[in-house]
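# Overview (structure and organization)
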Amino acid sequence: MKNLYKIFIVLGMMLIAGACTEKFNEINTKPDSFTQDEVSAKYFLTSPQYNLYAPNRYPYWRAHLIHMDRYAGYFNFGFYGCWWSDELGYSYSGGYTDAAWGWMAGYIGNLDNFMKMTDVGGEFENEYMYAIGQIMKGLYFQMYTDVFGMIPYTEATDPDITLPVFDSQATIYQGVINELDAAMATIGDATRTGATVDDVGDNDIYCGGDLQKWKKLANTLKLRMAMRAYGADGANFAQAAITGALQEDLLVTEADNVLMEKDAEISQWGSACYGDVWHNFGGYGSKWTVGKPMIDALRDNNDPRLPFYAVPAEGGTLKLTKSESDDQATHDKLVDFMATTLTDAGVSFTRTDYPDSTIIEMPENMYYVGQPTRFNIDAYYYAKREFFSFPEPSIVGKKNSGDDIRAELIMSSAEAHFLRAEAALRGLGSGNAQNHYQEGIRQAMLLWGVSSDEADTFIANEDMALLNGATLEENLEKIATQRWIASYTDGFEGFAIVRDMGYPADLADGVSDFDIFGSGDINGKYPQRMRYGNDASNNNGANYDAAVAEQGPDVQDTKLWWAK
């Protein structure tokens, strides 16, 4: 990734020189400019890659962290001293929603330029680079539609259409799967996009120019989308797509994981990471805790990933004081709730009650405790940050400090095995569900640094490693939970898994006790989508209205086409 900084310098030089056909023709005829064998479309690949999974800090904070990672149950705000309420994201904010919509809606232009350059007749015609663009387009549109539902797809890149229609999710899913099939057919047995300047190599920060890895990524994405679509109204294409995907190569081993390493030399305004919010806003105000569903799923099943995901709660001697606005009953209820949360986490603590306050003493840096989701403002004052676990340091690593910064997760081999296990359970594939499920767990653990011996011990001894449920639904719950755990830090996919599969149930069920939790805009229900940005209604009103009429009201609890 250190070469990425140099890539941007070269890219900047090329952009200054001009990116259109006429300018490149001019460059190629000047002896003191770039020569034909020095320029390539590969220099235009890196930008859309990092912009898809690590855009600048503004959308990374507002789309990834405020919305997706929190809907997924991975992270929470709303502890005492945090600047942000844990209702943030559940109660509509035009600014935050517009930031997420603006980034996702505007992303496609950069990728489309790369694809036009490499398409037949393009300045840098290269069928293999174009196939990479098709696969990236699939990653993008799956992410985009799974957040909002109906979005522009068929007309999104037509330069003659300024107000594109919003396509149904069925149309988008089927279209993306067709494009993935086309890309995989183009790649065939090829391994590189070309030689010398035509080899994307280090400019490809997902797969390092390995076309067969791209092909596996495409096929695994195809399987993900087909399994998600399976059973939805009008998803007649899904079963054939599942069958086809299972017959071709998928991501399988640790070496197949598709990750995007972060480059600490790039400004947060060019490629952000969690640390750009965690550290740069200052103090504890901009930090966040790990969600209770995640900590519970790991801790209660002796999962060795726990110390790779989070750190023990700071603990200490903590005073919970009744506020002037709370009556005694509310005060007692909130104190009891915090104490029960610690008890459920196995924390050994002492509690001393006084008329207007309670002292809780808990051991320091010993216990993993997840923060319940969606605390309201009353609970905020009782939710001491020292009660709860923060993310493991590499997840929030700081740039230009020498600290480790965990790579962005694009797609893992673990997910492919979990999808194959689900397909086998549903009678859609001939593989062994138990074997794929356990291999998925093993690959998910290896991805996070757990040793093979520790993974094998977990698989040999824990009930969670067995598909031994009495019903299909009980076994699907285990697969869904493990997929959700394996997607940690990819809130987009974690959020989709909860909506599609309905697990973890304590997350999917939403909240109901409004003495403790915030109701948000949908009366405590679990969000099903994000609202469209204001640009959608203001600038493309007729097509926006048509989408709302077909899909349902533009609110958070309108279920998407494939949702459970």
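Our structure's up above, just so we're on the same page.
The following refers to the structure shown. (Residues numbered from 1 in each chain as written. Predicted model: local features only at pLDDT ≥ 70, side-chain atom pairs only at ≥ 80, totals over all residues. Heavy atoms only, no water.)

Here the focus is a nonpolar patch on the surface. A surface patch of nonpolar side chains, amounting to about 310 Å² of accessible area, comprises Tyr80, Ile377 and Tyr381. Its location among the elements puts tyrosine 80 in the loop between strand S1 (75-76) and helix H5 (94-118). Among the residues examined, tyrosine 80 registers a relative accessible area of 40% and is labelled partly exposed. (Patch = residues over 30% accessible without salt bridge, like charges linked within 9 Å, V, L, I, M, F, W, Y side chains within 5 Å. Areas by Shrake-Rupley, 256 points an atom, 1.4 Å probe, with all protein chains shown as cover. Salt bridge = Lys/Arg side-chain N within 4 Å of Asp/Glu carboxyl O. Helix = DSSP H or I, 4+ residues; strand = E, 2+ residues; numbered from the N terminus. Buried < 20%, exposed > 50% of the residue type's maximum accessible area, 1.4 Å probe, protein only.)

Pairing between the strands of a sheet is mediated by backbone hydrogen bonds and can be parallel or antiparallel. What the 3 strands build is an open sheet, ordered S4-S6-S5; its pairing is antiparallel. Only two strands of the sheet have a single neighbouring strand rather than two, namely strand S4 (316-321) and strand S5 (350-353). For this sheet, the mean angle separating the axes of adjacent strands, direction not counted, is 15 degrees. The pairing of S5 with strand S6 (residues 357-362) spans 4 bridges and is antiparallel. Bridged to threonine 352 within S6 is isoleucine 359. Sheet strands in contact with helix H13 (residues 328-344) are S4, S5 and S6, and its direction is about 5 degrees off that of S6. (Pairing = 2+ DSSP bridges. Axes fitted to C-alpha atoms, helices over the stretch in contact; angles between N-to-C directions. Contact = heavy atoms within 4.5 Å.)

Another point: the pairing of S6. In terms of residue burial, S6 counts as a mostly covered element, since 5 of its 6 residues are buried. Strand direction decides the pairing type here: S4 and S6, joined by 6 bridges, are antiparallel. The residue of S6 that forms the bridge with threonine 317 is glutamate 361. Turn length for the S5-S6 hairpin, with the two strands adjacent in sequence and antiparallel, is 3 residues.

Time to look at the packing of aromatic side chains. The geometry of an aromatic ring pair is captured by the separation of the ring centres together with the interplanar angle, meaning the angle of the planes. Scanning all chains against the criterion turns up 50 aromatic pairs. Residues tryptophan 103 and phenylalanine 492 carry aromatic rings whose centres are separated by 6.0 Å and whose planes lie at 65 degrees to one another, so their mutual orientation is edge-to-face. Placement of the pair is tryptophan 103 in helix H5 and phenylalanine 492 in helix H19 (residues 491-501), with a sequence separation of 389 residues. The ring of tyrosine 284 carries lysine 287 above its face, with NZ or CZ at 5.9 Å from the centroid. Here arginine 406 stacks its cationic end above the ring of tryptophan 448, 3.5 Å away from the centre of that ring. (Phe/Tyr/Trp six-rings, centres within 6.5 Å; stacked < 30°, edge-to-face > 60°. Lys NZ or Arg CZ within 6 Å of the ring centre and 35° of its normal.)

Tracing the sequence through the fold places threonine 341 in helix H13. The buried category is assigned to threonine 341, whose relative accessible area is 5%. Beyond its immediate chain neighbours, meaning those up to four positions away, threonine 341 contacts Lys292, Val369, Gly370, Pro372 and Phe388.

Before going further, it helps to examine the state of the cysteines. In this structure the tally under the stated criterion is 0 disulfides. Cysteine 82 takes part in no disulfide bond, and the closest cysteine sulfur, belonging to cysteine 273, lies 18 Å away. Of the residues examined, cysteine 82 reaches a relative accessible area of 4% and is grouped as buried. The class of cysteine 273 is buried, set by a relative accessible area of 3%. (Disulfide = S-S within 2.5 Å.)

The next point concerns unusual backbone geometry. Omega for the peptide link from tyrosine 503 to proline 504 comes to -5 degrees, which places this bond in the cis form. The residue proline 504 is located in the loop between H19 and helix H20 (505-508) in this model. Here the phi dihedral of asparagine 365 falls at roughly 55 degrees; this positive angle occurs in a residue that is not glycine. With respect to the helices, strands and loops of the structure, asparagine 365 is situated in the loop between S6 and helix H14 (377-380).

This paragraph deals with the packing of helix H3 (residues 46-53) against helix H6 (residues 127-148). For the pair H3 and H6, the least separation of the axes is 11 Å and the interaxial angle reads 25 degrees. Viewed along their axes, H3 and H6 adopt a mutual orientation that is roughly parallel. Helix-helix and strand crossings are classified by hand; for H3 and H6 the assignment is left-handed. Facing Pro48, Gln49, Leu52 and Tyr53 of H3, the residues of H6 in contact are Met136, Leu139, Tyr140 and Met143. Per-class residue counts for the contact of H3 with H6 are 7 nonpolar, 1 polar and no charged. (Parallel < 35°, antiparallel > 145°, perpendicular 65-115°, else oblique. Left-handed = near helix turned anticlockwise from the far one by under 90°. Nonpolar A, V, L, I, M, F, W, Y, C, P; charged D, E, K, R; others polar.)

We now examine the side chain of threonine 118. Relative to the assigned elements, threonine 118 resides in helix H5. From its side chain, threonine 118 meets the backbone oxygen of phenylalanine 114 in a polar contact 3.1 Å long. There is a polar contact of 3.2 Å between the side chain of threonine 118 and the backbone oxygen of methionine 115. Leave out the neighbours within four places in its chain, and threonine 118 touches Ala41, Phe124, Glu125, Asn126, Glu127, Met129 and Tyr130. (Polar contact = N/O pair within 3.5 Å; in protein donor to acceptor, adjacent residues only side chain to side chain.)

The next subject is helix H22 (residues 541-551). Regarding H22, the residues found buried are Asn543, Tyr544, Ala547 and Gln551. Each buried residue of H22 lies within a common arc of 105 degrees when the element is viewed along its axis, so the set occupies one face. H22 presents Ala542 and Ala549 as exposed residues on the side facing more than 90 degrees away from its buried surface. Against H6 and helix H21 (534-539) lie the buried residues of H22. Of the residues flanking the end of H22, it is glycine 552, one or two places downstream, whose phi is positive at about 130 degrees. (Arc of directions from axis to C-beta.)

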